[in-house]
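# Descriptive analysis of the structure
Residue-level listing of the chains:
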Amino acid sequence: MVSADTENAEGPVLLGQRIPQHDLEDEKDLNVSAKGDKACQQIPVQGRACTPCLGWFQMLYATFGSFVPLGMLVYGLQESFAKSSGDFACKYYMMDVLKLDGATMGRLQTAAKVPWDIKPVLGMCSDALPLWGFHRTSYLVSACVFSSFLYLWVGFNAVSALGLYVCMTGLNLSIAFADLVIDATAASLAKDHPKEASDMQTAFNIAQALGGMAASSIKGYLVAVLGSRGTMMSNVFCAVAVFIPAIRRWLPEEQLLSGHCTPKLSQFRRNSSITAVAIFLSVVAVGLSLSQIFLQEWRTRALVTLFCCIVVTISAYKAMRKISPFLANTGMLLFWRAVLQPGLGEAMFVWMSKDEEGPRFSPQLMGLADCFGQAGFLLGVVVYNRFLRTWKYRRIFLVGQIMVVASQVLDFILVMRWNQALGIPDVLFFLGDSTFKEAVVKTFYVPLVVLAYKVCPSNLEGTIFSTLISLNCIGVDCGKYLGITLCEVWGIVDGNFDHLPHGVVSKALVRLLPIPLILMLSPDLTPDDPIPQDPHAHSQQN
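Below or above, wherever it landed, is the structure these notes cover. Keep in mind that what you see is a predicted model, and the values were worked out from it rather than measured.

### Focus: the overall build of the protein chain
Looking only at helices and strands, the protein chain has 21 helices and two strands in total. Looking at the protein chain as a whole, 58% of its 542 residues are labelled buried. Taking the intrachain contacts of the protein chain between residues at least 6 apart in sequence as the baseline, contacts between residues at least 24 apart amount to 79%. Of the accessible surface of the protein chain, which amounts to about 22,000 Å², a share of 64% is contributed by carbon and sulfur atoms.

Here it is, written out as structure tokens:
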């Protein structure tokens, strides 16, 4: 794998170019961020912007080069704007054109997210199989081309439920591959610059929040004016916007010589256990996805989901424990925290949009609510970066989980319509609910990503990090599948919402269960601390 740092080059700093560290005699004029003989030179003090925000971005660019704006484009446009507006359009297509209920909509959308669960295999492809002389750049370019084709295909063709599932799966594959490339590069750079890792992740999440806010502010109007298919087709511009800097090689990667473009399998043989887990997780994810599509009896689907959770836990923990206790504990925390966060499919979405006893929000208002949710996302990122980076992981996760449980009370109040009894209009209550929930979720999730970055061993960042995130994604999907089972247990199907309050209370109670896991599995470190190489170098409290 090519190092994130490039060879020495003379001349001014250009976009996409990283410059080496030279011997410095005047530390008043230059700040240096370096590791070894290869490093990135930061911007002279007298050239820095006078505003803290611009100065912060200058620091990031000086440390990580053009990778930062590229990562922000991927997070902001492809992973946030296009995904948000695309998912929103798909919901209305399933509800208005295909006439599906909330539970079925939830099953299809969750099953289509299987590419996020097979990221370990995608990471293995990136780490071991260079494409056209690149381990990462070529995959990012290919993902942009493939997603452009799918946006145009669904825009020009009316599709069935199965066709829409295939299209959503393909789009998730493209976005997941782009996300993998950025995350693998970030994981490599985070170990070189551990103090700036949280800043880099914060910048990406700010871009993601801003992209989501932009999408949420207009996606309702796009669906109303262009229709769901036209909204999907308009996302081709996001793919093109990432394709251009990707093909201009904004990633910190040099093209391999022709003799070095052979598969690199030795690393996977040395770490055969984690390689086996990566493949196994992908097989489990595909099996779960297909079971949700083709198994109609809800008890059978629930048993399959629970069995997969147990098997994933045993296999992943045993393999990761051989590498590092920190890695194993982080993987289990990511997985089970997500499993124990069940949703209710798209039952709440359908109830708020169509049910006569619900608020019957318009597409424009539903999109606007997501905009406020993205504002909460941004607020959560800022709160974490400004106030929580000096907290221990355990304290952050514990407070965050308690607030996640508390946020479920707002759903119950809305479903029972108690907000009207309190004189709070549905619109204001729903917007406040969306803002608060996203703020809580992202305040909790950002340090999890930072922790996942730092426990990755060298030279296998793509595979290890994608395995960790795959554990989280499979956990999220299992939680959603179990939430859909809750819907079916309470009879919240086919437009029947009589027991919707029971479903809301049930999912709130389940979300109390991750608290003891947080106390057992969280490291006694802060997000700014490096992970000790010796597992006994820093004690973990149980």
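### Quick look at the packing of helix H8 (residues 197-234) against helix H18 (residues 426-454)
Their axes nearest at 10 Å, the elements H8 and H18 cross at an angle of 130°. Here H18 runs oblique to H8, going by the angle between their axes. Once H8 is placed against H18, the crossing between them reads as right-handed. Residues Ala197, Ser198, Gln201 and Asn205 of H8 form the contact with H18, whose own contacting residues are Val446, Val449, Val450, Tyr453 and Lys454.

### Comments concerning the packing of helix H2 (residues 67-97) against helix H6 (residues 137-156)
How two helices pack is summed up by the angle between their axes together with the distance between the axes. In contact at an axis separation of 14 Å, H2 and H6 are set at 25° when each is read in the N-to-C sense. The orientation of H2 relative to H6 falls into the category roughly parallel. The interaxial crossing formed by H2 with H6 has left-handed handedness. Counting all contacts with H2, which are made through Leu70, Val74, Gln78 and Ala82, the residues of H6 involved are Leu140, Ala143, Cys144, Ser147 and Tyr151. Considered class by class, the residues forming the contact of H2 with H6 number seven nonpolar, two polar and no charged.

### Considering the side chain of Asn419
Looking at the element boundaries, Asn419 is found in helix H17 (residues 418-421). A relative accessible area of 0% means that Asn419 is categorised as buried. If sequence neighbours within four positions are ignored, Asn419 has contacts with Ile413, Leu414, Ile424, Pro425, Asp426 and Phe429.

### Examining the packing of aromatic side chains
For the structure on display, the rule yields ten aromatic pairs. Both rings, one in Tyr75 and one in Phe204, keep their centres 5.1 Å apart while their planes meet at 20°; by these two values the pair is stacked. Here Phe204 lies in helix H8 and Tyr75 lies in helix H2, a separation of 129 residues in the sequence. Accessibility expressed as a relative area gives 0% for Phe204, which makes it buried. The interplanar angle of 35° and the centroid separation of 5.8 Å between the aromatic rings of Tyr393 and Phe397 together place this pair among those described as tilted. Of the two residues, Tyr393 and Phe397 both sit in helix H16 (residues 393-416), four residues apart, roughly one turn of that helix. An identical accessibility class is assigned to Tyr393 and Phe397; each is buried. Ring pairs connect the aromatic residues Phe67, Tyr75 and Phe204, which therefore count as one cluster. Sitting over the ring of Phe349, Lys91 keeps its end group 5.0 Å from the ring centre.

### Thoughts on the state of the cysteines
Scanning the entire structure with this criterion turns up zero disulfides. Sulfur of Cys308: no disulfide; nearest cysteine sulfur belongs to Cys478 and is 6.6 Å away.

### Considerations on the environment of Leu486
Relative to the helices and strands, Leu486 resides in helix H19 (residues 461-490). In this structure Leu486 comes out as buried when scored by relative accessible area, which is 18%. Along the backbone, Leu486 and Trp298 are 188 residues apart, and their C-alpha atoms lie at a distance of 9.7 Å. Not counting the four nearest positions on each side in its chain, Leu486 is found in contact with Pro342, Leu344, Ser506 and Lys507.

### Quick word on a nonpolar patch on the surface
A surface patch of nonpolar side chains, about 280 Å² in accessible area, is lined by Val286, Leu290 and Phe294. With a relative accessible area of 58%, Phe294 lands in the exposed category.

### Re the nonpolar core
Core analysis: the largest hydrophobic core is formed by 139 residues, its most contacted members being Leu140 and Phe397. With 16 residues, helix H7 (residues 161-192) is the single largest residue contributor to this core. When residues no more than four places from it in sequence are discounted, the contact partners of Phe397 are Leu333, Phe444, Pro447, Leu448, Leu451, Ile518 and Ser522.

### A short note on helix H3 (residues 102-111)
In an α-helix, one turn spans 3.6 residues, which is why side chains three or four residues apart end up on the same side. For H3, a buried count of nine out of ten residues is recorded, marking the element as mostly surrounded by other parts of the structure. Those residues of H3 lying buried are Gly102, Ala103, Met105, Gly106, Arg107, Leu108, Gln109, Thr110 and Ala111.

### Quick look at the side chain of Asp524
With respect to the secondary-structure elements, Asp524 resides in the segment after helix H21 (514-521). Polar contacts involving the side chain of Asp524 include one to the side chain of Lys392, which spans 3.1 Å.

### Digging into the pattern of salt bridges
Inspection of every chain in the model, using the stated rule, returns ten salt bridges. Between Arg389 and Asp528 there is a salt bridge whose closest N-O contact spans 3.0 Å. Here Arg389 is found in the loop between helix H15 (363-388) and H16, whereas its partner Asp528 is found in the segment after H21, with 139 residues between them in sequence. Per residue, the accessibility class of Arg389 equals that of Asp528, and both read buried. Members of the salt-bridge network, linked through shared partners, are Asp199, Arg389 and Asp528.

Rules and cut-offs
- Residues numbered from 1 in each chain as written.
- Predicted model: local features only at pLDDT ≥ 70, side-chain atom pairs only at ≥ 80, totals over all residues.
- Heavy atoms only, no water.
- Helix = DSSP H or I, 4+ residues; strand = E, 2+ residues; numbered from the N terminus.
- Buried < 20%, exposed > 50% of the residue type's maximum accessible area, 1.4 Å probe, protein only.
- Contact = heavy atoms within 4.5 Å.
- Areas by Shrake-Rupley, 256 points an atom, 1.4 Å probe, with all protein chains shown as cover.
- Axes fitted to C-alpha atoms, helices over the stretch in contact; angles between N-to-C directions.
- Parallel < 35°, antiparallel > 145°, perpendicular 65-115°, else oblique.
- Left-handed = near helix turned anticlockwise from the far one by under 90°.
- Nonpolar A, V, L, I, M, F, W, Y, C, P; charged D, E, K, R; others polar.
- Phe/Tyr/Trp six-rings, centres within 6.5 Å; stacked < 30°, edge-to-face > 60°.
- Lys NZ or Arg CZ within 6 Å of the ring centre and 35° of its normal.
- Disulfide = S-S within 2.5 Å.
- Patch = residues over 30% accessible without salt bridge, like charges linked within 9 Å, V, L, I, M, F, W, Y side chains within 5 Å.
- Salt bridge = Lys/Arg side-chain N within 4 Å of Asp/Glu carboxyl O.
- Core = buried A, V, L, I, M, F, W, Y, C linked by side-chain atoms within 4.5 Å.
- Polar contact = N/O pair within 3.5 Å; in protein donor to acceptor, adjacent residues only side chain to side chain.

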